[in-house]
Amino acid sequence: MTAGFEEARRVADALLFEGYVLYPYRASARKNQLRWQFGVLVPPSWAEAHGEHAEQRTECLLEPRGADRLDVELRFLQVHRRTVERRVPDGAGWTEVARLDLADRVLVPWDEGKEERVELRVPLGQLSGEGRTLRFGCPCGVTREPVHVHGCTGRTVGRLVRRSRALAGEIRLATEPLPGPYGALRLTATVRNVSEWTPEGQGSGDREAALPHSLIGAHLLLGLPGGRFLSMTDPPEWARPAARICRNEHTWPVLAGGAGHDDVLLSSPIILEDHPEVAAESPGPLYDATEIDEILSLRTAALTEQEKREARGTDPRAAGVIDLVDSMPAEVMERLHGAIRGLREVTGERPAPAPPGPAAPDPGTPPDTETPPPVTPAPRTPAPGTPRPGTPAVPPTGLELPIGPGLPWWDPAQDTYDLPGQDTVTVAGRLVGTGSRVVLRPGLRRSDAQDIFLAGRGATVEAVLQDLDGETHIAVTVDGDPGADLRRQQGRFLYFRPDEIDPDPTCDEAPPEGGD
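Only a predicted model underlies this, so the values are computations on that prediction, with no experimental measurement involved.

So, how was this worked out
- Residues numbered from 1 in each chain as written.
- Predicted model: local features only at pLDDT ≥ 70, side-chain atom pairs only at ≥ 80, totals over all residues.
- Heavy atoms only, no water.
- Helix = DSSP H or I, 4+ residues; strand = E, 2+ residues; numbered from the N terminus.
- Buried < 20%, exposed > 50% of the residue type's maximum accessible area, 1.4 Å probe, protein only.
- Areas by Shrake-Rupley, 256 points an atom, 1.4 Å probe, with all protein chains shown as cover.
- Pairing = 2+ DSSP bridges.
- Axes fitted to C-alpha atoms, helices over the stretch in contact; angles between N-to-C directions.
- Phe/Tyr/Trp six-rings, centres within 6.5 Å; stacked < 30°, edge-to-face > 60°.
- Core = buried A, V, L, I, M, F, W, Y, C linked by side-chain atoms within 4.5 Å.
- Contact = heavy atoms within 4.5 Å.
- Salt bridge = Lys/Arg side-chain N within 4 Å of Asp/Glu carboxyl O.
- 1 Å grid on protein atoms, 1.4 Å probe; cavity = no way out; pocket = protein on both sides within 12 Å on 5 of 7 lines; lining within 4 Å.
- Points joined across faces, edges and corners; volume = space filled by probe spheres on them.

Caption draft 1: Looking closely at the overall build of the protein. From N to C terminus, the protein includes 11 helices and 22 strands. Looking at the protein as a whole, 41% of its 516 residues qualify as buried. With the model as given, the accessible surface of the protein reaches about 29,800 Å², and the carbon-plus-sulfur share is 53%.

This is the structure we're talking about:
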């Protein structure tokens, strides 16, 4: 498979197990009662009746160049439903129980997720026209794991029984050429659950019954050795019309495999940016990206010993989180507090030169030879603009950046900018400022999914702002927003660039509060 898959899998693992088990990592916690939210492809019979989906569709653009094949890796979890059985006193059989208390953990029923992979290597030439459809499946099965009184030793006191159900799916791959001289292709990759399972009884609404027949956390890794994928968020100018009409349903394709690489693409059920990466400060998976790692680790460390026993018995991954936090060194915990990246790129600061010190002796000079006195260099002609000695210093104008380690790169006391919000900006030949009526046109390249929902909505400009880089941002409240007054009180607005708004040609006055 493509070499870049290994690096991309680090991010893909975070997607695959996101939300797998949440703090406080116990099966009894309410937030762990409703699981499996991302990338779930349910059986078609369930999807039609309950509004979930049985397939995900990825469309992306690629340039084959020297590539002759497409590498495909589908990854998902298969649910293994676990029950707990206790050995009867006479040792002649087993009885199912709600919990089994041991010295180091408390075992309870739980749904475990087992990673499954479907790997394909397909010649590009076979994908034109109707393309190729490949079926795959996972069989049903039952496994039994003995439980000993002391870890892996001692007498057997119970067992864990894991049952999996059969599931079936298919991957359809097809390419079509793009018009123009670039030789690019549009690739369509569809993953579909084709399991024949149907709910028992009319109107059955038990999602738990459908999950063992579902693909959980499904996502694709695509590799094009010798070719390149085009970014869907920032494609080349010539490819933007084609990228704009690509259909991606229940998934989003991003470049993966590290910055500078474009031969690996990750199609994710969670919206990501190109070249996503796991933070270097992260000590290990915590399975809850909605929480701050530092707070999550501190709260986990504060669990009682009984709570930790329950977490260790819930799932091996939950036990791994408990052990990770309990053994975390202080310096690693401190690293979770935060990190600043690329500050020199922002400030333009250069590393300070090493302080002058005594010159090292010439290795060819005998130790008892007298060192000649230093030679004073002749004065140089000062550079233009450099004040001559004795000239009074001219106070600096504008914002002066302090220098030296540990000093902030921006000092509000020195900021000479006017109060924000009083500016205007010209858009489409009209002056836009506080109180102006505008229509929102979010840009696809830099807007998030929430902004796109506001396309075409009317809004009122609350302020025109400039940041320290000189970029202009327009703060607005959206028509019909019941929280508009609260936003004004708190100064929490929605922000758009000048090229993401149009002056409203119908009205220059703000509408009545709550109007459309």
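Caption draft 2: Summary view of the sheet that holds strand 22 (residues 501-503). Sheet architecture is open: five strands sit in the order 21-20-19-18-22, paired in antiparallel fashion. The sheet is open, and its two edges are formed by strand 21 (494-496) and strand 22, each paired on a single side. Adjacent strand axes in the sheet meet at a mean angle of 50 degrees when their direction is disregarded. Where strand 19 (residues 458-466) and strand 20 (residues 472-478) come together, seven bridges link them in antiparallel fashion. Each residue of the ladder has a partner; that of A463, found in strand 20, is A475.

Caption draft 3: Structural view of the packing of aromatic side chains. Per the stated rule, a full pass over the model turns up seven aromatic pairs. Judged by centre distance (6.3 Å) and plane angle (90 degrees), the rings of Y23 and Y25 are edge-to-face. Ring geometry for Y182 against W238: centres 4.0 Å apart, planes inclined by 15 degrees, an arrangement best described as stacked. Separated by 56 residues along the polypeptide, Y182 in the loop between strand 10 (167-177) and strand 11 (185-193) and W238 in the loop between strand 13 (228-229) and helix 4 (240-244) bring together distant segments of the chain. The exposure class assigned to W238 is partly exposed, which follows from its relative accessible area of 27%.

Caption draft 4: Here's a closer look at the environment of G480. Topologically, G480 is positioned in the loop between strand 20 and helix 11 (484-490). For the pair G480 and R457, spaced 23 residues apart in sequence, the C-alpha separation works out to 9.5 Å.

Caption draft 5: The arrangement of the nonpolar core in detail. Of all hydrophobic cores here, the largest spans 40 residues; its most connected members are L61, L70, L74, F76, L173, L215 and F229. Elements that contribute at least two residues to this core include exactly strand 1 (55-63), strand 2 (69-87), strand 6 (110-123), strand 7 (132-138), strand 10, strand 11, strand 12 (216-223) and helix 4. Beyond its immediate stretch of four places on either side in the chain, L74 contacts E116, R117, V118, F136, I171, V191, L215, H219 and L220. Listed in part, the 31 residues of the second largest apolar core include Y20, Y23, L77 and L296.

Caption draft 6: Layout of the pattern of salt bridges. Applying the stated criterion across every chain, the model contains 39 salt bridges. Counted as one network, the salt bridges with shared partners bring together E6, R9, D13, E73, R75, E115 and R117.

Caption draft 7: The arrangement of the layout of surface pockets in detail. Size it by volume and the largest pocket reaches roughly 1,100 Å³. Considering the residues around the largest pocket, the lining is formed by 38 residues, among which A14, V278, A279, S282 and A289 are closest to the centre. Secondary-structure elements contributing two or more residues to the lining of the largest pocket are helix 1 (5-16), strand 6 and helix 5 (293-301). Residue contributions to the lining of the largest pocket peak at five residues, all from helix 1.

Caption draft 8: Just helix 1, in detail. Along helix 1, the residues classified as buried are F5, A8, R9, V11, A12, L15 and L16. Each element contacted by the buried residues of helix 1 is listed here: strand 2, strand 6, strand 12 and strand 15 (264-268).

Caption draft 9: Seen up close, the pairing of strand 20. Burial analysis of strand 20 places six of its seven residues in the buried class, which makes it a mostly covered element. Between the end of strand 19 and the start of strand 20, which pair antiparallel, lie five residues, with G470 showing a positive phi angle near 85 degrees. Of the strand pairs in this sheet, strand 20 and strand 21 are connected by three bridges, and their pairing is antiparallel. Residue pairing across strands places I474 opposite F496, the latter belonging to strand 21.

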